[in-house]
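# Structural features, examined
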Amino acid sequence: MLQSDCILSASEDSKSSFRKEIGMTLDSILSSFSDDSAYSGIDPLSLREEIGKLGFLPEEGMGFDKTLETVRESIMPHLLRTWSTSYMPHLHSPALIESIASELIISSFNDSMDSWDQGPAATELEVHVIKGLCRLFGFPSEADGAFTSGGSQSNLSAIIAARDAYCQRVLRYDVKKKGLPECYARLRLYTSEISHFSMEKSCHLLGLGYDAVVKLPVDSSCRIDIEKAERIIEKDKEQGLLPFCIVATAGTTDFGSIDDMKAIRRIADRFGMMMHVDAAYGSGLIVSDRYRSRLDGIESADTITIDFHKMFLLPISCSAVIMRDASLLEPFELHADYLNREEDEEDGFINLVGKGIQTTRRFDALKVFMAFSVRGRKGYGEIIDKCVDNAMYFYQRLMDDDSFVVAVRPEISSVVFCLDASDGINKAIRRRLLAEGTVIGQTVKDGRTMLKFTLLNPGLSHSHIDDLIEKIRTIGRELMSRKTGQ
Ligand SMILES: *Cc1c(COP(=O)(O)O)cnc(C)c1O
């Protein structure tokens with residue numbers, strides 16, 4: 001039986017079903033928030049068993065109430081709670097309340113960004129937000145960009161733009177039409193040895209392969225070593241390689257370090273390369289009065305990746321790539337008779353499908369617009385400052401204590417360190433904390449296992465940090481005494 005109220009519409013039946021189901025959903029969500037722990041602690045095998053018992057496409061539907069009950073009982077308790085102050089391993093943030101409200105608007109209307117007639121106000125608002133972002137990051141008025149599914153896709157888009165623009169400008173070769181040039185195996189992209197793996201992934205997808213990515217060594221602050229970088233590129237150029245792009249990372253995934261963007265611009269100019277800034281992590285600093293200067297030089301990039309589902313605390317997914325000249329988006333332009341007729345565009349209808357990789361696409365710009373409007377630059381900046389200040393406090397506490405080895409002074413909100421003990425002890429500390437409901441990260445620096453904390457929760461206080469350090473010290477002491485006791 002087809003229910004007349006199965007879709008959200010203007011009918012009173014539909015509105016009342018919507019109100020009821022959304023209300024019940026809110027109640028279920030809120031009742032599942034029982035404490036501040038990050039997760040239930042269930043192990044993978046037990047969870048798999050529990051999930052395996054759930055039905056899949058029953059012949060007859062169970063209805064909304066029953067289905068919600070199943071989700072509330074079997075799924076919600078084991079979802080990760082990103083708002084927990086015990087959750088700090090990844091660049092994975094809790095969500096601002098108003099942005100969850102935006103999500104409801106986005107899916108209620110379900111507009112799509114591909115063509116103007118699929119999202120009139122959505123299209124115009126995205127264009128408006130992109131323009132604002134270009135100004136915020138110091139780009140000129142010819143700049144443009146698009147929302148994407150995340151930093152990985154923003155980076156991929158930027159590298160496509162760099163490859164095609166380089167081939168057009170230097171080789172007088174049209175990649176879009178003819179595919180890769182014969183000399184493709186000599187194209188090189190330079191990036192920090194600790195940059196995000198989407199560099200390799202992108203180069204593979206673009207037919208250039210991992211070998212096209214040259215990893216530049218970093219200095220003791222985890223930033224690209226500029227002198228070494230210049231020598232490496234010089235040498236490559238002498239050997240006939242084709243350096244087409246250099247990527248600065250503004251906020252490396254593990255350490256939050258920020259490459260010297262002014263120096264990287266000089267290198268890009270000297271060798272005729274495009275410059276991309278991967279600011280998936282560090283872009284949040286742009287709204288901070290206190291830390292904005294750490295992004296100095298970002299305005300000189302050709303392209304910038306901005307992630308809103310990291311420091312900006314918006315729900316997944318939300319990212320943008322902006323380009324200093326709208327012509328850099330040319331690789332994505334393509335006309336289809338059914339979707340984005342050129343004659344319409346001449347009459348002022350903007351079809352965003354021609355600015356990115358995706359076709360059907362979410363109206364994520366609304367989340368940025370609403371959160372910016374709710375908080376203002378100052379209010380947003382205070383949230384970012386709190387996270388950066390917390391990292392600095394954490395760092396200072398660790399530096400005052402010689403039982404810890406700290407990887408690097410934080411520039412954003414990542415703290416990476418280890419207890420001055422074996423890798424095994426440090427790994428065991430992370431596992432023990434996990435079993436107790438505190439989720440932290442782990443990485444390697446200079447061959448040593450390190451504990452990693454990414455502080456994206458503005459609700460985290462100094463006393464949480466003090467407690468955590470104490471806990472790590474206690475667990476470490478216990479593990480070490482057990483080891484010597486054997
Ligand atoms: C997280 C991250 C990415 C990838 O972004 P997604 O949104 O996860 O796709 C790229 N670069 C850096 C530096 C990151 O931290």
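Position numbers for residues count from 1 along each chain, tracking the sequence in the order it is written. With the structure being a predicted model, the display of local features is reserved for residues of pLDDT at least 70 and the display and counting of side-chain atom pairs for 80 or more, all residues being used for whole-chain, interface and lining totals. Only hydrogens and water are set aside when side-chain values are computed; all heavy atoms of the structure are taken into account.

Below, the discussion takes up the site of the ligand. In the vicinity of the ligand lie 14 residues, with Gly151, Ser152, Asp278, His309 and Lys310 positioned nearest. Whenever a nitrogen or oxygen atom comes within 3.5 Å of another N or O atom, the pair is scored as a polar contact, on the condition that within protein one atom can donate a hydrogen and the other can accept it, and that pairs from neighbouring residues in sequence are kept only if both atoms are in side chains. Residue lysine 310 places a side-chain N or O atom 3.0 Å away from an oxygen atom belonging to the ligand. Per-residue accessibility takes into account occlusion by the displayed protein chains alone, with areas from the Shrake-Rupley method and a 1.4 Å probe. Protein contact buries 86% of the 380 Å² of open area that the ligand shows by itself. Every helix listed is a DSSP run of H or I at least four residues long, and every strand listed is a run of E at least two residues long, numbered separately from the N terminus. Counting residues per element, the shell around the ligand draws most heavily on helix H6 (residues 151-171), which supplies three residues. A per-class count over the shell around the ligand returns two nonpolar, nine polar and three charged. We call a residue near a molecule or strand when any one of its heavy atoms sits within 4 Å of it. Polarity classes work like this: nonpolar for Ala, Val, Leu, Ile, Met, Phe, Trp, Tyr, Cys and Pro, charged for Asp, Glu, Lys and Arg, and polar for all others, with Gly in that last group.

The salt bridge definition used is simple: a Lys or Arg side-chain nitrogen within 4 Å of an Asp or Glu carboxyl oxygen. What the rule picks out here adds up to 30 salt bridges. We note a salt bridge from glutamate 103 to lysine 367, for which the minimum N-O separation is 2.6 Å. Placement of glutamate 103 in helix H4 (residues 97-109) and of lysine 367 in helix H12 (residues 365-399) is noted, with a sequence separation of 264 residues between them. Only protein chains enter the accessibility calculation, which uses a 1.4 Å probe; a residue is then buried when its area is under 20% of its type maximum, exposed when over 50%, and partly exposed in between. A residue is classified by how much of its surface remains accessible, and glutamate 103, at 15% relative accessible area, is buried. A relative accessible area of 0% places lysine 367 in the buried class. Note that arginine 362 is salt-bridged to aspartate 364, the shortest N-O span being 3.0 Å. For aspartate 364, a relative accessible area of 3% corresponds to the buried category.

In this section: the packing of H6 against helix H8 (residues 198-205). Packed helices, taken two at a time, are described by the angle their axes make and the gap between the axes. A fitted line through C-alpha atoms serves as each axis, taken over the contacting stretch for helices, and the angle formed by two N-to-C directions is quoted from 0 to 180°. At their nearest, the axes of H6 and H8 sit 9 Å apart, and the two run at 50° to each other. Here H6 lies oblique to H8, going by the angle between them. Both H6 and H8 take part in a crossing whose hand is right-handed. Judged by residue contacts, Ser152, Asn155, Leu156 and Ile159 of H6 engage Ser198, Met199, Ser202 and Leu205 from H8. Here the residues of the contact of H6 with H8 sort into four nonpolar, four polar and no charged. Oblique is the label for any angle not covered by the other classes, which are roughly parallel (under 35 degrees), roughly antiparallel (over 145) and roughly perpendicular (65 to 115). Handedness of a helix crossing follows the sense of rotation of the near helix relative to the far helix, less than a right angle counterclockwise being left-handed and clockwise being right-handed. Throughout, a contact is declared for two residues whenever any of their heavy atoms are within 4.5 Å.

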